[in-house]
Amino acid sequence: MEYEIQLEEFQGPFDLLLHLVNKHEIDIFDIPISTITSQYLEYLEKMKERNLELTSAFILVASQLIEIKSKMLLPVEDNGEEEEEDPREALARRLYEYKIFKEISAFMKSRENQYLHTYYKDPEYVEWTQEFVTDVDTQELFKAFRQVLATVDLLREEEEPMRTIPKEILRVEDKILEIRLLMKHQERLFFRGLFTSAKTVQSVITTFLALLQLVKENWLRLEQEGNFSEIQIIRIGQV
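Here the structure is a predicted model, which is why all the values come from computation and not from measurement. (Residues numbered from 1 in each chain as written. Predicted model: local features only at pLDDT ≥ 70, side-chain atom pairs only at ≥ 80, totals over all residues. Heavy atoms only, no water.)

### Quick look at a nonpolar patch on the surface
Then comes step 1: A cluster of nonpolar residues, F29, Y96, I100, F101, I104, F107 and M108, forms a patch on the protein surface that exposes about 720 Å² of accessible area.
Then comes step 2: Along the polypeptide, I104 turns up in helix α4 (residues 89-116). (Patch = residues over 30% accessible without salt bridge, like charges linked within 9 Å, V, L, I, M, F, W, Y side chains within 5 Å. Areas by Shrake-Rupley, 256 points an atom, 1.4 Å probe, with all protein chains shown as cover. Salt bridge = Lys/Arg side-chain N within 4 Å of Asp/Glu carboxyl O. Helix = DSSP H or I, 4+ residues; strand = E, 2+ residues; numbered from the N terminus.)

Structure follows, in C-alpha cells:
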C-alpha cells in the first residue's frame, strides 16, 4: 500500500519558515538553526518529489540557512573586539516583519469578509403634504423623542461588534391599535411611558409615527405644563 504525503501550500519561503517556527513554538529571535534548516530542506525535497514548482526564492532562503548554519558551527574567537552580530539576527528580523504583515493581512481579510456580509439600507424620504398642529413646541417634542432613544440605549456611539439583526415587521397601523388599547382605561400618559416596551430603534420610530397619526386624527393631544416639564399624552377621542 502506498501512502501519499500531503504537503501544505505556502506563499513563499518565509511563510514556510514561520510555519515551522510556530509549529515547534520557537522564539523567532532564538531559532535553533540546525533543526529549522534540516526541516526546511526536507520540505524542499518533498516538493521536488511531488513535482511542485520550486521557485528561486525558496532556494535562496535555503542557501542563506545553510550559510547561517555553517557560521554557527565556527568557533567564536575572543580577540577583545566588539561582539559580532548573531548570524541569525538578520533572518530573525525579516521573519518577524513578515509575521507582523501576515497578521495585519489576516485581520484585514477578516474585516473584508465581515463587511461583505453587511448591508445598509438607504433612508426613505416621505413627502409630508399636511401641516401637523400641536400645542407642544416641535423642538420640545423632538428633544423628548431623543431622550426616549437614549433611555433605551439605542444611540450608543461606541463601536459594537457586528451582529445579525433579525427582520422585524412593524406597521404603524398595529401600533395605533396598541396605543388605543393602552389608553383605553386612562386618559393621560407621560410621553416616556409610551415607549417602555420598545427595544429597537424601529419599534421606537413606529410608535412615534403612530402617536403623531393619532394626534393628527384628534384622538390624542400633546400637552406640556411648562418649560422643561415632561410632555403628556391626553386622550380626547372616544375609545
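### Here's the deal with the packing of aromatic side chains
How two aromatic rings sit relative to each other is set out by the distance from centre to centre and by the angle between their planes.
Then comes step 1: Scanning the entire structure with this criterion turns up 3 aromatic pairs.
Then comes step 2: Note on F14 and Y98: the rings are 6.3 Å apart at their centroids and 35° apart in plane angle, and the pair reads as tilted. Pair noted here: F14 is in helix α1 (residues 13-23) and Y98 is in helix α4, with a separation of 84 residues, a long-range link.
Then comes step 3: Consider the rings of F191 and F195, whose centres lie 5.1 Å apart with planes at 50°: the pair is tilted. Like F195, F191 is buried. (Phe/Tyr/Trp six-rings, centres within 6.5 Å; stacked < 30°, edge-to-face > 60°. Buried < 20%, exposed > 50% of the residue type's maximum accessible area, 1.4 Å probe, protein only.)

### Things to note about the packing of helix α6 (residues 172-182) against helix α7 (residues 201-216)
The packing of two helices is summarised by the inter-axis angle and the distance between the axes.
Then comes step 1: Contact pair α6 / α7: the axes reach a minimum separation of 8 Å and the direction vectors enclose 70°. As judged from the angle between their axes, α6 and α7 are roughly perpendicular. Both α6 and α7 take part in a crossing whose hand is right-handed. For the pair formed by α6 and α7, the contact residues are V172, K175, I176, I179 and R180 on the first element and S203, T206, T207, L209, A210, L211, Q213 and L214 on the second.
Then comes step 2: Its residues assigned to classes, the contact of α6 with α7 shows 7 nonpolar, 4 polar and 2 charged. (Axes fitted to C-alpha atoms, helices over the stretch in contact; angles between N-to-C directions. Parallel < 35°, antiparallel > 145°, perpendicular 65-115°, else oblique. Left-handed = near helix turned anticlockwise from the far one by under 90°. Contact = heavy atoms within 4.5 Å. Nonpolar A, V, L, I, M, F, W, Y, C, P; charged D, E, K, R; others polar.)

### Regarding the sheet that holds strand β3 (residues 232-235)
Then comes step 1: Strand order in this open sheet of 3 strands is β1-β3-β2, and the pairing throughout is antiparallel. Only two strands of the sheet have a single partner each, and these edge strands are β1 (188-190) and β2 (220-223). Shown here is a sheet whose adjacent strand axes are inclined to one another by a mean of 25°, direction ignored.
Then comes step 2: Across 3 bridges, the pairing between β1 and β3 is antiparallel. Its bridge partner lying in β3, R188 is registered against I234. (Pairing = 2+ DSSP bridges.)

### Looking at the confidence of the model for the chain
Then comes step 1: In the predicted model, the chain carries a mean pLDDT of 77, and 75% of its residues have values of at least 70.
Then comes step 2: The element-level mean pLDDT for the chain is lowest in helix α5 (residues 138-151), coming to 76, with α6 highest at 88. (pLDDT = per-residue confidence, 0-100.)

### Structural notes on the pairing of β2
Then comes step 1: Of the two faces of β2, the one holding L220 and L222 is buried and the one holding R221 and E223 is not buried anywhere.
Then comes step 2: Bridge count for β2 against β3 is 4 bridges, and the pairing is antiparallel. When the sheet's bridge partners are listed, L222 is paired in β3 with I233.

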